[in-house]
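# Survey of secondary and tertiary structure
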Amino acid sequence: MPTVIDNTRPKSDGRSAVSAAARAKGKDIKGRLYKPRQPIYPKLVHGKWRAVKWAMLIATLAVYYITPWVRWTRPEGFPQQAALVDFTGRRFYFFDIQLWPQEVYIFTGLLVMAALALFLVTALFGRLWCGYACPQTVWTDLYIVVERLFEGDRNARMRLDAAPLSLDKVWRKTGKHLAWLGIAFGTGGAWIFYFHDAPTLIRTFWTGDAPMTAYVSCLLLTGATYVFAGWMREQVCTYMCPWPRIQGAMLDEHSLQVTYLAYRGEARGPHKKGQSWEGRGDCIDCHQCVVVCPMGIDIRDGAQLECINCGLCVDACDEVMVKINRPTGLIGYDSDHAVAARGQGGKAAYRPIRARTIYYTLALCVVGGLTLWSLVTRPKADLNVIRDRNPIFVRMHDGAVRDGYTLKIGNRGFEARRFEIAFEGVAGARLSQPGQPGHPGQPVSVLVPADQVVPVRVFVTAPATAALADSVPGRFIIRSGDLRAEAKTVFLSGAANPR
Amino acid sequence: MALERETDDATGVETTGHEWDGIKELDNPLPRWWLWVWYGSILFAIGYWVLMPAWPGLHGYTKGLLGQSDRAEVSRQLTALEVQRGEGAAQLRTASLERIEADPQLNAYAQQVGQSVFGDNCATCHGIGGTGAKGYANLRDDVWLWGGKLEDIQYTITHGVRSGGEGARLSMMPAFGRDEMLKPEEIDDLTEYVVKLSGRTADVAAVGRAAPLYQAQCSACHAPNGKGMVAVGAPDLTDADWLYGADRAVIRGQIFAGNGGVMPAWQGRLSPETIKALSVYIHANAGGQ
């Protein structure tokens with residue numbers, strides 16, 4: 001039986017409607033297409049989760065900005081950039097891996113793995129991705145840092161927004177937006193380096209010689225970063241992102257989530273120094289958990305769609321608890337099951353190993369194994385055979401029958417290779433190329449340049465004496481040193497269409 | 001119908017006064033964004049009229065400040081195409097047919113040109129696969145009425161067959177029946193003789209009767225042994241390849257009427273280098289000679 005989790009309590013109104021979400025609910029939205037956004041002024045908080053968030057911010061941004069600048073040695077004529085998506089050359093380079101467009105299934109495997117890993121992490125620890133690693137979270141965090149630099153912390157920002165227009169307000173606002181735009185441009189600017197040789201592009205970008213796609217991508221991402229991280233922020237998570245809507249299927253009563261321990265906190269209320277703690281909860285209704293929340297919610301209302309599990313309210317509450325000399329952890333990463341058990345005076349049990357976490361892990365291992373296997377065992381040479389469809393066969397004056405094929409030979413290596421082509425399946429058949437007669441039993445050989453696909457037209461001629469069935473299964477084999485590839489095809493003898 | 005505007009209770013908005021079976025239309029204003037897009041498109045249209053060709057007049061049209069002309073654009077692109085093709089065309093012009101076929105790069109280029117030109121000009125009769133049809137030669141096999149060497153093919157394309165032009169391939173098989181040169185029973189006998197030539201079973205008596213007839217009437221072009229003669233375009237009667245069909249009725253009809261198809265001369269319609277590319281394409285994809 002699935003457990004229905006509903007920890008939401010009726011929201012307190014009036015005086016305590018501090019969270020932006022609660023305030024927005026009171027607004028009259030009649031006649032408007034969208035719910036108006038209530039500005040959120042997250043307050044700076046210190047603590048261990050904030051420290052983790054800083055570390056993640058630095059790490060993810062570092063990976064994003066540094067990756068395209070890592071050089072990697074490849075043979076002459078190939079890009080020397082470690083990570084490069086070369087759309088013009090239709091190749092993807094990642095260190096020693098070089099992928100062709102038809103190997104996009106490896107990306108599919110990676111994406112499936114990413115999704116499964118997300119499911120697993122969510123089932124275990126809740127929305128850690130949302131709270132720490134999602135670009136929307138990281139860039140919003142970065143933008144709030146800038147905002148704080150120009151406009152001060154929460155109270156100063158609120159005062160500034162309420163204040164009439166003044167020189168001070170204008171320069172602070174202008175400075176903030178210019179800095180935001182600068183970061184946005186840096187974001188869009190870094191993105192395009194993944195698609196072109198970075199050291200070249202950084203020059204050509206300013207001389208106007210860069211491809212139009214680079215300018216357009218840069219502009220689009222600059223705009224998106226500025227709008228998403230500067231203006232839309234939590235609305236992206238709440239209204240645009242599908243993930244919050246799906247996560248409910250991954251979470252259960254054993255998943256860790258940022259949780260307010262209601263059994264310990266209630267009944268909440270202001271507390272004066274020296275007053276007794278008897279008969280009341282530890283929550284002193286100081287709203288610190290609300291004012292630090294980047295999503296503008298009140299965690300004490302229970303698990304909510306908006307909550308990104310970032311843990312800033314945990315830090316804020318702990319700080320207060322230390323000050324008023326009560327045990328920390330009134331808000332913390334906890335599972336509903338454990339909270340309920342402790343609330344009833346029992347012992348909290350955590351169950352990270354559950355049916356769903358086992359399934360997710362297994363699926364992750366299977367997909368990961370398959371992806372890795374297909375990456376390691378992928379062929380170094382490709383052979384595809386396209387049979388002529390018109391004419392499907394040609395009968396010669398002496399009754400010999402000739403079929404035409406186009407072979408697409410792909411050389412995925414970094415050196416040119418000479419491939420020998422052979423055809424098997426028809427006894428005494430002669431392999432030839434247009435304009436060259438060829439000899440029975442002799443292979444045809446072609447030179448395929450490095451990293452290219454070359455179409456090769458060949459004819460297979462069966463002697464009149466062969467007495468073949470209408471359709472004879474055969475195969476083409478290409479060889480170059482120890483490299484070998486083959487492709488099945490058929491030889492149509494025209495036996496069903498006598499002259 | 002009287003238009004009685006009234007105020008709708010539920011929304012507080014006035015109605016237009018229109019009513020259909022009790023359904024009334026609210027008179028809401030146009031959405032603001034829609035209105036602005038509309039105004040914007042009016043402004044755009046005015047700008048467009050000024051800059052681009054727009055209004056027809058009695059003797060022409062307003063040209064617009066930008067001087068845009070699709071006709072000029074097309075001719076500019078055509079010129080650019082000529083320039084782009086210039087190098088390949090020059091190579092085709094100077095290189096010999098054999099060199100074009102032997103050089104991998106030139107050959108690949110000729111194949112591309114040849115294939116597209118073949119599709120546009122030749123496929124109508126010879127089929128897109130080049131296998132021909134009744135009365136239209138199969139260009140993929142190794143049977144060539146007028147010779148299958150590169151130069152032969154080039155000549156046939158350039159001058160055509162019975163095209164009426166100068167230098168055209170020309171052969172005229174007599175209409176032995178229609179022109180009453182032979183009696184019907186003689187034609188019957190000859191038909192059996194031709195069937196026998198191609199290695200099939202035929203009426204022995206008729207073959208015997210026709211043998212002197214063949215030597216007298218046919219061997220001048222089709223050769224005494226029936227192998228034909230490329231120089232005059234007379235087909236080999238001993239092989240399994242038949243332009244009009246292998247049935248007795250078809251063979252008889254051919255002796256009776258002496259049909260011959262017409263292929264146009266392509267010089268003047270296709271440039272010499274295009275004909276060269278086409279020759280190489282046809283030669284390479286056939287059972288070559």
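Keep in mind that what you see is a predicted model, and the values were worked out from it rather than measured. Sequence order as written defines residue numbering, which begins from 1 separately in each chain. For naming, the first written chain is A and the first written ligand is 1, with later ones following in the order written. Reporting in this predicted model follows two pLDDT cut-offs: at least 70 for local features of residues, and 80 or more for side-chain atom pairs to be given and counted; totals over whole chains, interfaces and linings ignore these cut-offs and use all residues.

### Remarks on the environment of Ile46(B)
Mapped onto the fold, Ile46(B) is located in helix α1 (residues 32–51). Neighbour density around each residue's C-beta defines its exposure: 20 or more other C-beta atoms within 10 Å make it buried, 12 or fewer make it exposed, and counts between make it partly exposed, where C-beta atoms are placed from the backbone. Taking the C-beta count within 10 Å as the criterion, Ile46(B) has 11 such neighbours and is therefore assigned exposed. Numbering goes from the N terminus for both helices and strands, where a helix is a DSSP run of H or I of at least four residues and a strand is a run of E of at least two.

### Description of helix α6 (residues 184–197) of chain B
Residue and element names in this part refer to chain B. A helix's residues, less one, multiplied by 1.5 Å, set its expected span. Counted at 1.5 Å a residue, the expected span for α6 with its 14 residues is 20 Å, and the 20 Å between its end C-alpha atoms agrees. Within α6, the full set of buried residues consists of Asp189, Leu190, Thr191, Glu192, Tyr193, Val194, Val195, Lys196 and Leu197. Of the residues trailing α6, Gly199 is marked for its positive phi of about 85 degrees.

### Here's the deal with the packing of helix α5 (residues 135–151) of chain A against helix α7 (residues 167–192) of chain A
Residue and element names in this part refer to chain A. Helix axes are fitted to C-alpha atoms over the stretch in contact, other axes to C-alpha atoms as well, and angles between N-to-C directions run from 0 to 180 degrees. Direction vectors running N to C along α5 and α7 enclose 155 degrees, while the axes themselves pass 9 Å from each other. With respect to their mutual orientation, α5 and α7 come out roughly antiparallel. Crossing handedness for the pair α5 and α7: right-handed. Taken together, the residues of α7 that come into contact with α5 (itself represented by Leu142, Tyr143, Val146, Glu147, Phe150 and Glu151) are Arg172, Gly175, Lys176, Ala179, Trp180 and Ile183. Under this grouping Gly is polar, as are all residues other than the nonpolar Ala, Val, Leu, Ile, Met, Phe, Trp, Tyr, Cys and Pro and the charged Asp, Glu, Lys and Arg. Taken together, the residues of the contact of α5 with α7 break down into 7 nonpolar, 1 polar and 4 charged. An angle below 35 degrees is treated as roughly parallel, one above 145 as roughly antiparallel, one from 65 to 115 as roughly perpendicular, and anything else as oblique. In a left-handed crossing the near helix is turned counterclockwise from the far helix by less than a right angle, and in a right-handed crossing that turn is clockwise. We call two residues in contact if the C-beta atoms placed from their backbones are at most 7 Å apart.

### Some details on the pairing of strand β4 (residues 256–260) of chain A
Residue and element names in this part refer to chain A. β4 sits mainly inside the fold: 5 of its 5 residues count as buried. Neither face of β4 is exposed, since Leu256, Val258 and Tyr260 on one face and Gln257 and Thr259 on the opposite face are all buried. Here, a strand pair is defined by DSSP locating no fewer than two bridges between the strands. The pairing of β4 with strand β5 (residues 331–335) spans 5 bridges and is classified as antiparallel. When the sheet's bridge partners are listed, Tyr260 is paired in β5 with Ile331.

### Re the domain arrangement of chain A
Segmentation into domains, and thus their bounds, comes from an automatic or database assignment. When cut into domains, chain A gives domain 1 (1–378) and domain 2 (381–492). Each of domain 1 of chain A and domain 2 of chain A was reduced to a C-alpha centroid, and the two centroids are 56 Å apart.

### Digging into the interface of chain A and chain B
Across the boundary between the two partners, chain A contributes 12 residues, which contact 18 residues of chain B. When grouped by side-chain class, the residues that make up the side of chain A that touches chain B number 5 nonpolar, 4 polar and 3 charged.

### A short note on the domain arrangement of chain B
Residues and elements named next belong to chain B. Taken domain by domain, chain B consists of domain 1 (90–167 + 264–284) and domain 2 (184–257). Taking the mean C-alpha position of each, domain 1 and domain 2 sit 30 Å from one another. Between domain 1 and domain 2, the contact holds 9 residues from the first and 8 residues from the second. Each residue belonging to the side of domain 1 that touches domain 2 can be placed in one class, and the counts come to 5 nonpolar, 2 polar and 2 charged.

### Digging into helix α3 (residues 105–125) of chain A
Residue and element names in this part refer to chain A. With 21 residues, α3 extends 29 Å from end C-alpha to end C-alpha; this agrees with the ideal 30 Å at 1.5 Å per step. Burial in α3 covers these residues: Leu116, Leu118, Phe119, Thr122, Ala123 and Leu124. Those residues of α3 hidden inside the fold are in contact with α4 (128–133), β4 and α16 (355–376). Where α3 terminates, the next one or two residues include Gly126, which has phi positive at roughly 75 degrees.

### Some words on the sheet that holds strand β14 (residues 483–492) of chain A
Two orientations exist for strands paired in a sheet by backbone hydrogen bonds: parallel and antiparallel. Residues and elements named next belong to chain A. The 4 strands are arranged β11-β9-β13-β14 in an open sheet whose pairing can be described as antiparallel. Of all strands in the sheet, those bounded by a partner on one side alone are β11 (444–448) and β14. Sheet twist, expressed as the average angle between the axes of neighbouring strands with direction ignored, equals 25 degrees. Of the pairings in the sheet, the one linking strand β13 (residues 471–480) to β14 comprises 10 bridges and is antiparallel in character. Bridged to Val472 within β14 is Phe491.

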